[in-house]
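What follows is the residue order along each chain.
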Amino acid sequence: MTAGRGGVLAWDPPRTARVHLVCLPHAGSGAYQFRSWQKLLGPQVSVLAVQLPGREDRWQEPPATRVDDVVDALVPELLDRLHLPYVVYGHSMGALLGYETALRLGTRYGRPPAHFVAAAARAPHEPPEPGGIDGLSDATLVADLIAQGALPERVARDERLIRLVTRPLRGDVTLCESYTPRPGARLPCPLDSWRGADDPGVSRAQAERWSACTTGRTTVRAFPGGHLFHLDDPLPVVDGLRRIAAEALSRDAPAGDAPLSDHRPVDKESR
């Protein structure tokens, strides 16, 4: 494993990689959920997972509470690491952070992503879901999130997990609620908006509103599962990302270049 000063992790990145996949986690969670994706994606994709402060191997750091603070820390490290075309995958809050990071990389440094995937997320210009967690105990907060499908049930059975989850989660809620979108800001690349078919927090209409965030085409897709559909069954998600990486490379590859190999396990058909 390699780690950067700002919290970008990579697990045995293949030297044969032809595209990066930058992954940003949902609220209260960390980068290690993406660790298995490197093996699943195969030798031509290099996973770069964003580790935010206040969780997992950065648990001693105070959680960030402003989007700009995250982007300020993340962009310099990504500029050092992105030596290949890259795709961004952001899940829930990670989609918001990924969107702002991709905008910064594109507008200030001429390094926009080849493709952007917003998963389980409302568009940045949409009103956020109501927070109202200040008066909730940690146990109640966790129970509510489990009921919404935003946390696995095992968290409620472990006092240590409850503490580890709620501290960064409270910071993440503040981060999302303090965010102010920039009107008219758009990414110059294709965009996919993915949602769990059973996710009550992101409707199809809300997923479609990501079309206002790009000058390229927008594709909306539903996967089996709820808000954390990428954890319920990662194989359809990984397969979709592999296809996106292959398409991104084919748009820019010189004539005669070999396509990205189809190195995937047996997959379930998503709906």
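Here goes a summary of the coordinates provided. (Residues numbered from 1 in each chain as written. Predicted model: local features only at pLDDT ≥ 70, side-chain atom pairs only at ≥ 80, totals over all residues. Heavy atoms only, no water.)

## Examining the overall build of the protein chain
Along the protein chain, the regular secondary structure elements total 8 helices and 8 strands. A burial count over the protein chain gives 52% of its 271 residues as buried. Sequence-distant contacts, at least 24 apart, represent 79% of the contacts inside the protein chain between residues at least 6 apart. By element, 52% of the accessible surface of the protein chain is carried by carbon and sulfur atoms, the whole surface being about 12600 Å². (Helix = DSSP H or I, 4+ residues; strand = E, 2+ residues; numbered from the N terminus. Buried < 20%, exposed > 50% of the residue type's maximum accessible area, 1.4 Å probe, protein only. Contact = heavy atoms within 4.5 Å. Areas by Shrake-Rupley, 256 points an atom, 1.4 Å probe, with all protein chains shown as cover.)

## Regarding the side chain of R104
Here R104 lies in helix 3 (residues 93–109). Not counting the four nearest positions on each side in its chain, R104 is found in contact with D68, V71, D72, V75 and Y109.

## Quick notes on the environment of G184
The topology assignment puts G184 in the loop between helix 5 (159–177) and strand 7 (191–196). G184 sits in the exposed class, given a relative accessible area of 69%. Between the C-alpha atoms of G184 and A212, which are 28 residues apart in sequence, the distance is 8.0 Å.

## Things to note about the layout of surface pockets
Approximately 540 Å³ is the volume attributed to the second largest pocket. As for the second largest pocket, its lining consists of 20 residues, of which G28, S29, G30, E56 and R154 are closest to the centre. Counting residues per element, the lining of the second largest pocket draws most heavily on helix 5, at 4 residues. Class assignment of the residues belonging to the lining of the second largest pocket gives a composition of 10 nonpolar, 6 polar and 4 charged. (1 Å grid on protein atoms, 1.4 Å probe; cavity = no way out; pocket = protein on both sides within 12 Å on 5 of 7 lines; lining within 4 Å. Points joined across faces, edges and corners; volume = space filled by probe spheres on them. Nonpolar A, V, L, I, M, F, W, Y, C, P; charged D, E, K, R; others polar.)

## Let's talk about empty space enclosed by the protein
Tallying each qualifying case throughout the model produces 1 cavity of 30 Å³ or more. Taken as a whole, the largest cavity spans an internal volume of roughly 50 Å³. Forming the walls of the largest cavity are V22, L24, L74, L78, Y86, V88, G98, T101, A102 and L105. Residue assignment for the lining of the largest cavity shows that the elements contributing at least two residues are strand 3 (19–24), helix 2 (67–81), strand 5 (86–91) and helix 3. It is helix 3 that provides the largest number of residues to the lining of the largest cavity, a total of 4 residues. For the lining of the largest cavity, the per-class residue count stands at 8 nonpolar, 2 polar and no charged.

## Points about the environment of S92
One can find S92 in the loop between strand 5 and helix 3. When sequence neighbours within four positions are dropped, the list of residues in contact with S92 reads H26, A119, A120, A121 and H227. At a separation of 3.0 Å, a polar atom in the side chain of S92 contacts the side chain of H227. (Polar contact = N/O pair within 3.5 Å; in protein donor to acceptor, adjacent residues only side chain to side chain.)

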